[in-house]
Amino acid sequence: MILNKNKLNDYKIPELKTAINPVKCDVALFPLFDDKKLVQEIKEIDRRLNGRISSAIKQKFIKGDLKSFKLLTIPGGKYFKAVLLAGAGKKEDFNTDVLYSIISNASRYIRDSDHTTFAVWPEHFSLNGIREEYAAYAIAKASILGLYTFNQKSNKEGIKEIKSILLITKNSSSAKNAVDKAKKICEATIYTRDLVNTCSRIVNPEFLVKEAKKLGGKNVKVEIISQEQLKKKGFNGILEVGGGSQYKPALIIMKYLPSGKPVAKPTVGLVGKGVTFDSGGLNLKPMGYIEDMRMDMGGAAVVLSLFKHIGIIKPKFAIMAAVPVCENMVSSRSYRPGDIIRIYNGKTVEVHNTDAEGRIIMADALSFISEQKPEVIIDIATLTGAMMVALGYSMAGLFSNCAKLAEQVKVAAVESHEKVWEMPLVQEHRESVEGTIGDLKNLGKDKAMAGASTAAAFLENFVNNISWVHLDIAGSVWRPETRDHTTQYATGFGTDLLLNFLAIYKPKGKK
Ligand code: BES
Ligand code: MN
Ligand code: ZN
């Protein structure tokens, strides 16, 4: 094997410290709004610099525009070697998006200017209804995630790194709690990113099975439905889609049991699409569409990460996940257009295009989860290119058969700062995937029309009327270029969101 299977990445999260008073570090970071008002701390530094900062502002060397930076050294500075003024835009436009943007970009600016530590005052970002504690939380998340790198270069010399970040605040203990929680959540997102970024020769279906098995313990039970058992049990969707690969497909079942003891029914059911490489199959993807298809297990990675990091939130209810893992490849054993596949719940699916494979394996997994009768089901999948076309990179499409559940997921998304946008799922979409000789077909009637909605309508056939949310993360799982706290390539999207959802979800019948 080419790379290191045991250690996917070597990004080290900077140490996050909190203090009431300044402690020695390289850079002091201040936002500069368009009103150019200097905060108290910077006024003092300015005085020591004989007004260098204020005169630079007066002469318009420093503007308050977003993503503009000015680093000024402080010769003989008592605490700091330099000051970074980060343009913060108009004060009235300041919100959490701007906060994440300033901090992530400033963190990288400081790192790339060869500094290793910096200080920031959460209070300076506490305006327009943003509480100081939330600001501390967001500062920690934006810097940890924004500094993330995935580096497979052989020459590791000259790698720049932020070693520690200091948050200065009078509320040091509540800031410490916020920062500690942020760090744990970021670890979960980073695990997802590492799994998705790693090449598909390493992160193949068998690797994900091994990774899942490692998660077993007192509260987490892992069971693997192997290729042989898939055959016996009738999970033909996963078998067929995975049939062309040298790696065996499987269905990973994970249970979170708060008391460690079995329960009659799980409260929440989760499903994550785990196509470790989507070549398109015999309907092979062309150049321009195939290169990044190792990210097609982004949903599976989120669900694995949730179980790995469930200790952060310790829900009081049982959770069950079904994660289908396989590779969509070209071979003489590949499934073909014209095939008809009987899914686990008995419904038959006409294969019109082998590149619409996600919905076929999700159908098996959703049928299995529905059979367990959870209160709610959430699935997360890189399902359609159409979703990416509709919403771009920064939000996921949300489809649901239950307004209340949709609302709960939207609330969770606000806190996690991962955006979702509700999409329609109507009768026309349902009719579009009705089959001719089978029950359903895996392609909408008018191929390119409402691609994300017809895929969702297909999935709806397998949730057995249980309250359900489908998150199509085809656009949000991956970024061609770094933007704010979502760094280039895998974003880890959905990890924080679903951890939050599980943290706030109240089982029905309980107040
Ligand atoms: N994995 C892809 C969807 C995808 C595309 C994810 C781009 C991320 C970025 C999925 O399996 C797929 O190929 N969908 C097809 C469906 C079509 C054949 C109906 C698509 O969207 O083109
Ligand atoms: Mn595909
Ligand atoms: Zn796919």
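Keep in mind it's a predicted model, so treat the numbers as computed, not measured.

## A closer look at the pairing of strand 14 (residues 376-381)
Part 1 of the reasoning: A large share of strand 14 lies buried, amounting to six of its six residues.
Part 2 of the reasoning: Along strand 14, one buried face is formed by Val376, Ile378 and Ile380 and the opposite face, lined by Ile377, Asp379 and Ala381, is buried too.
Part 3 of the reasoning: Sheet topology note: the strand 14/strand 18 (residues 467-472) ladder contains six bridges and is parallel. Across the sheet, the residue bridging to Ile380 is Leu471, located in strand 18.

## Concerning helix 3 (residues 96-112)
Part 1 of the reasoning: Taking 1.5 Å of rise per residue, the 17 residues of helix 3 would be expected to cover 24 Å, and the 24 Å separating its terminal C-alpha atoms lies within 8% of that figure.
Part 2 of the reasoning: Of all 17 residues in helix 3, 12 are buried, a share of seventy percent or more.
Part 3 of the reasoning: Listed as buried for helix 3 are Leu99, Tyr100, Ser101, Ile102, Ile103, Ser104, Asn105, Ala106, Ser107, Arg108, Ile110 and Arg111.
Part 4 of the reasoning: On the buried face of helix 3, the contacting elements are strand 2 (25-33), strand 3 (69-73), strand 4 (80-89), strand 5 (117-120) and helix 4 (132-146).
Part 5 of the reasoning: Once helix 3 finishes, Asp114 follows within two positions and takes phi at roughly 70 degrees, a positive value.

## A word on the packing of helix 5 (residues 172-197) against helix 9 (residues 298-308)
Two quantities define a packed helix pair, namely the angle between the helix axes and the distance between the axes.
Part 1 of the reasoning: It is at 9 Å that the axes of helix 5 and helix 9 come closest, and there the two elements cross at 145 degrees. As for how helix 5 packs across helix 9, the hand of that crossing is right-handed. Here Ala188, Tyr191, Thr192, Leu195 and Val196 of helix 5 lie close against helix 9, whose contacting residues are Gly298, Ala301, Val302, Leu304, Ser305 and Lys308.
Part 2 of the reasoning: Its residues assigned to classes, the contact of helix 5 with helix 9 shows seven nonpolar, three polar and one charged.

## Focus: the environment of Lys255
Part 1 of the reasoning: With respect to the secondary-structure elements, Lys255 resides in strand 8 (residues 250-256).
Part 2 of the reasoning: Along the sequence, Lys255 and Leu270 sit 15 residues apart, while their C-alpha atoms lie 9.9 Å from each other.
Part 3 of the reasoning: Apart from residues no more than four positions distant in its own chain, Lys255 is found in contact with Val220, Lys221, Pro266, Ala318 and Met320.

## What about unusual backbone geometry?
Part 1 of the reasoning: With a phi close to 65 degrees, Lys67 is a non-glycine residue in the positive phi region.
Part 2 of the reasoning: By secondary structure assignment, the location of Lys67 is in the loop between helix 2 (52-58) and strand 3.
Part 3 of the reasoning: A count of 14 C-beta atoms within 10 Å places Lys67 in the partly exposed class.
Part 4 of the reasoning: Look at Asn128: it is not a glycine, yet its phi comes out positive at around 50 degrees.
Part 5 of the reasoning: Inspection of the secondary structure puts Asn128 in the loop between strand 5 and helix 4.

## Quick look at the environment of Pro22
Part 1 of the reasoning: On the secondary structure map, Pro22 appears in the loop between strand 1 (15-19) and strand 2.
Part 2 of the reasoning: On the neighbour-count criterion, Pro22 (15 C-beta atoms within 10 Å) is partly exposed.
Part 3 of the reasoning: For Pro22, the contacting residues outside a window of four places in its chain are Tyr79, Ala119 and Ile168.

## Details of the sheet that holds strand 13 (residues 348-350)
Part 1 of the reasoning: Judged by pairing direction, the sheet is mixed, and its three strands sit side by side in the order 12-13-17 without closing on themselves. The sheet is open, and its two borders are formed by strand 12 (340-342) and strand 17 (440-441), each paired with just one other strand.
Part 2 of the reasoning: In this sheet, strand 13 lies alongside strand 12 in antiparallel orientation, the contact comprising three bridges. Paired with Ile340 across the two strands is Glu350, which belongs to strand 13.

## Section: the sheet that holds strand 5
Part 1 of the reasoning: In space, the six strands of this open sheet follow the order 1-6-5-2-4-3, with mixed pairing throughout. Each edge of the sheet is formed by a strand with only one pairing partner; in this case those strands are strand 1 and strand 3. Averaged over all pairs of adjacent strands, the angle between their axes in this sheet comes to 25 degrees, without regard to strand direction.
Part 2 of the reasoning: Two elements, strand 5 and strand 6 (residues 164-168), share four bridges in a ladder whose sense is parallel. In the sheet register, Ala119 faces strand 6, and the bridge partner there is Leu166.
Part 3 of the reasoning: Across the sheet, helix 5 lies against strand 1 and strand 6, angled at about 165 degrees from strand 1, the strand it touches most.

## A short note on the domain arrangement of the protein chain
Part 1 of the reasoning: With domains assigned, the protein chain is organised as domain 1 (15-168) and domain 2 (196-504).
Part 2 of the reasoning: The C-alpha centroid of domain 2 is placed 39 Å from the C-alpha centroid of domain 1.
Part 3 of the reasoning: At the level of secondary structure, the elements contributing two or more residues to the side of domain 1 that touches domain 2 comprise helix 3 and helix 4.
Part 4 of the reasoning: With five residues, the single largest contributor to the side of domain 1 that touches domain 2 is helix 3.
Part 5 of the reasoning: Of the residues belonging to the side of domain 1 that touches domain 2, the class tally is five nonpolar, five polar and one charged.

The rules behind these values
Residues numbered from 1 in each chain as written. Chains lettered and ligands numbered in written order. Predicted model: local features only at pLDDT ≥ 70, side-chain atom pairs only at ≥ 80, totals over all residues. Buried ≥ 20, exposed ≤ 12 C-beta atoms within 10 Å, placed from the backbone. Helix = DSSP H or I, 4+ residues; strand = E, 2+ residues; numbered from the N terminus. Pairing = 2+ DSSP bridges. Expected span 1.5 Å × (residues − 1). Contact = placed C-beta atoms within 7 Å. Axes fitted to C-alpha atoms, helices over the stretch in contact; angles between N-to-C directions. Left-handed = near helix turned anticlockwise from the far one by under 90°. Nonpolar A, V, L, I, M, F, W, Y, C, P; charged D, E, K, R; others polar. Domains from an automatic or database assignment.

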